[in-house]
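# Close look at the chain arrangement
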Amino acid sequence: MTDQNKLLWYKEPAKNWNEALPIGNGRLGGMVFGQVIKEKVQLNEDTVWYGGPRDRINPDALPNLSKVRKLLSQGNLMEAEELAKLCFSGIPKAQRHYEPLGELIIQFNIADTTDYYRELDLNNGIVKTKYRSEGIEFQREVFTSYPDQVMIMRITASEKSAISLQANIDRGNTRNLDSTKPLFSNSIVMSGETGGRDGIAFSAAMRVSADDGTVQTLGNRVCVNNASAVTILLSAATTYRFPGPERRCLDIIASAEKKNYQDLKSAHIKDYQTLFHRVELELEDQQRITSLPINERLERMKQGETDIDLINTYFHFGRYLMISSSRPNSLPATLQGIWNDNMLPPWDSKYTININAQMNYWPAEVCNLSECYEPLFQQIEKMRESGRLTAQKMYDCRGFTAHHNTDIWGDTAPQDIYPPASYWPMGAAWLCLHLWEHYEYNGDKEFLAKAYDAMKEAAIFFVDFLVENQDGYMITTPSVSPENSYKLPSGEVGKMCEAPAMDSQILHALFSNCIAASEVLETDNEFRDQLLYLRSKLPEIQIGKYGQIQEWLEDYEEAEPGHRHISHLFALHPSNQISPITTPKLAKAAEVTLNRRLEHGGGHTGWSRAWIINMWARLFKGEDAYENIKELLKSSTLPNLFDNHPPFQIDGNFGGTAAIAEMIVQSHQNEIHLLPALPKDWRTGYVKGLKARGGFTLEIKWQNHQLMYVHIKASQSRICRLRMSHPFKVSIDKGEISQLETGLFEFDAKKDHLYQLTFNTK
């Protein structure tokens, strides 16, 4: 893999936030602008949220639940929706929102410059800015260290005593800053609160040291004169985690400054590369154009040019974002990861759990970043307490539930007063599918034993919540198909409904996972039988009048045929209930569904386009998947490679990264499918470190669309079953491999063994 494929580089400073470059350690994030005279690093700390926990559950929900259900069953849609707005909506309607921490501003005494260059080096997780002024070369390096929990900037010059600057931290023009004060002669501390007395208090501290020259605080700035090199350490903390955030900030800095810059940098790189170097990907590009900056390459793609190397970079950038925004002991990645510069951000920059938060974690396992999943699991645990109250008070049900959003406090009451989305009780059920996925990839029974409680509790809610309709199906009601609407023959447009297809598909997956987990753990036989019965009573996936997968229990017309959500294809992806191998008729209907969405303008948001790529990959349609990757880069990618909803929303990055992996390897139906959706342009390539369900780690080399070799490392003893799209003769270096049918092989894998397979098409 060439280092150029792991670089985002530019010829000019960022003009705006969408051109700045992200750094982060899961908890502390920054957007580095690379400005020459007035550098800005926009700052985030993952627990700077407005306000404290609240009970927002509407007390009128339960007394009116049966009325809403009856109105829906009678077809009185508008009346049902108006009653739900009054009785189901949270009080107040909105959950808490994420806020920026502030800005690090550095003013330099610099004249005219030449030879400007800035980069984000994905190989080491460092942003670098370089330029020349009056014959002197200046350089800045900035990164956020996970081992030392501090942001570090190092400023150097090619001549001694050439650096003079003024540095400060504040919250910009938000007017939400309580105070900035100097500490000692080289430090300042910013402190404030969000949301008044019940909010979160925060602090950020900056300490500046210099080689040669002088350092002093004047007002709320640290001033450096005539230094040869400068090191800036910045830390942040809040009362969400620490009773004394200012003290915590100073302790972090005091610990970090015991090390010299090279030691801090080395510790950061070692930690980061432990995760980043697990996976390699190189799709061979004969027309390599890495000599052009990223923004120019994106523009070339908009003009119809091909740039396979940029897909390599995009894939690695997605892994970088995962490592930077979700680490053990951080919060999960929000709609914007950890990077948000708005006091009132789009969609509150929180957790939208009718796909977006889930999509953030689609690449975690397959890209060998299981540790990055931990914050999501901790969020699920946090939601259980709130979700039990929501289940009891709103629906008189056991277990726990959540609607389509949650926040730092694990709030599970409905968000907004928006019938197409707000009154959807499936959020916790979908999130709990990730617990089983983690087990599938890692085989950790100790983890599963703990996770099973949450999975079971999510399922128990629906044991109580489901009702039997006149056709004998056990259905969800009230609910919605996120965030879509349907039309009745009368022309009336409805949002709320009974048993949308996605609900039954999610429940089929949740019940199946709980059944399988109880078998692995050898527990809960009676509950398992109950779920087996309920699963058999769920509405089946249906094919509608256009040959499409039905989105609703009735074959309604869609109010928006090109809607961004494609919820009724949940069974295709991320679930595996639809497959060209096991359910070819449903797979064909899924293909019709995707084409109908695209023909009507679907995929117009970045995350929706990313989902579409994953679904084409599941259908083994490599060319369709590839065309949509190109469209994602052309139409929904910002100059810094952030995904554009618009505005910026990180789920498209994570979904796109997962989709690239999905085109190369899939592991569903208890088999590993090699190169299932390889497009013609990806003639030759190499991947190492991708994971497959069953605890397998893969290394794959292909040339001219033919597999050359596959190395498989097993973390468990079990049967390994391999599927290939082309007929091959397969040889294995140890043991025996048997052919089950054309293109399908299996062998008995032993724990911790490495197996080397070679292929011959003759």
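Scroll up to find the structure.
How each quantity is defined
Residues numbered from 1 in each chain as written. Predicted model: local features only at pLDDT ≥ 70, side-chain atom pairs only at ≥ 80, totals over all residues. Heavy atoms only, no water. Salt bridge = Lys/Arg side-chain N within 4 Å of Asp/Glu carboxyl O. Helix = DSSP H or I, 4+ residues; strand = E, 2+ residues; numbered from the N terminus. Buried < 20%, exposed > 50% of the residue type's maximum accessible area, 1.4 Å probe, protein only. Core = buried A, V, L, I, M, F, W, Y, C linked by side-chain atoms within 4.5 Å. Contact = heavy atoms within 4.5 Å. Phe/Tyr/Trp six-rings, centres within 6.5 Å; stacked < 30°, edge-to-face > 60°. Axes fitted to C-alpha atoms, helices over the stretch in contact; angles between N-to-C directions. Parallel < 35°, antiparallel > 145°, perpendicular 65-115°, else oblique. Left-handed = near helix turned anticlockwise from the far one by under 90°. Nonpolar A, V, L, I, M, F, W, Y, C, P; charged D, E, K, R; others polar. Pairing = 2+ DSSP bridges. Polar contact = N/O pair within 3.5 Å; in protein donor to acceptor, adjacent residues only side chain to side chain.

## Thoughts on the pattern of salt bridges
The full count for this structure, using the stated rule, is 52 salt bridges. Here E39 and R140 are joined by a salt bridge, their closest N and O atoms 3.1 Å apart. With E39 in strand 4 (residues 38-45) and R140 in strand 8 (residues 136-145), this pair connects stretches of sequence that are 101 residues apart. Taken individually, E39 and R140 each receive the classification buried, so the pair is uniform in this respect. Ionic pairing is found between R247 and D251, a salt bridge with its closest N-O pair at 3.2 Å. Here the residue R247 and the residue D251 both occupy positions in helix 3 (residues 245-256), the gap between them amounting to four residues, near one helical turn. Each member of the salt-bridge network shares a partner with another, and the members are R27, E45, D46 and R241.

## Things to note about the nonpolar core
Counting 227 residues, the largest nonpolar core has W682, I700 and L757 as its most contacted members. L757 has contacts with M708, Y709, V710, I712, L722, V730, S731, I732, I737 and F747, leaving out every residue within four places of it along the chain. One finds V150, A205, Y261 and L264 within the second-largest nonpolar core, a separate group that totals 17 residues.

## Section: the packing of aromatic side chains
Under the defined criterion, the tally for this structure stands at 32 aromatic pairs. A centroid spacing of 6.2 Å and a plane angle of 45° characterise the contact between F143 and Y261, whose relative ring orientation is tilted. In this pair, F143 is assigned in strand 8 and Y261 in helix 4 (residues 261-276), connecting sequence segments 118 residues apart. For the pair F143 and Y261, one class covers both residues: buried. Between F642 and F648, the aromatic rings sit 4.0 Å apart at their centres with planes inclined by 15°, giving stacked as the arrangement. Neither F642 nor F648 differs from the other in exposure class; each is buried. Cluster of aromatic residues (ring-pair linked, three or more members): W17, Y272, F276, F317, Y320, W339, F642 and F648.

## Considering the packing of helix 11 (residues 445-465) against helix 13 (residues 525-536)
Taken N-terminus to C-terminus, the directions of helix 11 and helix 13 make an angle of 50°; their axes are 12 Å apart at the nearest point. In terms of orientation, helix 11 and helix 13 fall into the oblique class. With respect to the hand of their crossing, helix 11 and helix 13 are arranged in left-handed fashion. Contact with helix 11, carried on its side by Y452, K456, A459, I460 and V463, involves F527, Q530, L531 and L534 of helix 13 and no other residues of that element. Here the contact of helix 11 with helix 13 is built from residues that sort into seven nonpolar, one polar and one charged.

## Some details on the pairing of strand 11 (residues 179-183)
In this sheet, strand 12 (residues 187-194) lies alongside strand 11 in antiparallel orientation, the contact comprising five bridges. Following the sheet pairing, L183 is matched in strand 12 by S187. Here strand 11 folds back onto strand 12 in antiparallel fashion, the turn holding three residues, of which F184 has a positive phi close to 65°.

## Some points on the environment of S228
One can find S228 in the loop between strand 15 (221-227) and strand 16 (229-238). Relative accessible area serves as the criterion here: at 12%, S228 is assigned to the buried category. Counting along the chain gives 96 residues from S228 to S324, while the straight-line C-alpha distance between them is 30 Å. Ignoring sequence-local partners within four residues, the contact set of S228 consists of T156, A157, K160, S161, I163, D211 and D212. At a separation of 3.0 Å, a polar atom in the side chain of S228 contacts the main-chain amide nitrogen of S161.

## Let's talk about unusual backbone geometry
Between I91 and P92 the backbone carries a cis peptide bond, its omega angle lying at -5°. Looking at the secondary structure, you find P92 in the loop between helix 2 (77-87) and strand 5 (102-108). Following T477, the chain continues into P478 via a peptide bond in cis, with omega recorded as 0°. Position of P478 among the secondary structure elements: in the loop between strand 21 (474-475) and strand 22 (479-480). For N226, which is not glycine, the phi torsion reads 55° and is therefore positive. Locating N226 in the fold gives a position in strand 15. The class of N226 is partly exposed, set by a relative accessible area of 45%. For F620, which is not a glycine, the phi torsion comes out positive at approximately 65°. By relative accessible area, which is 25% here, F620 ends up partly exposed.

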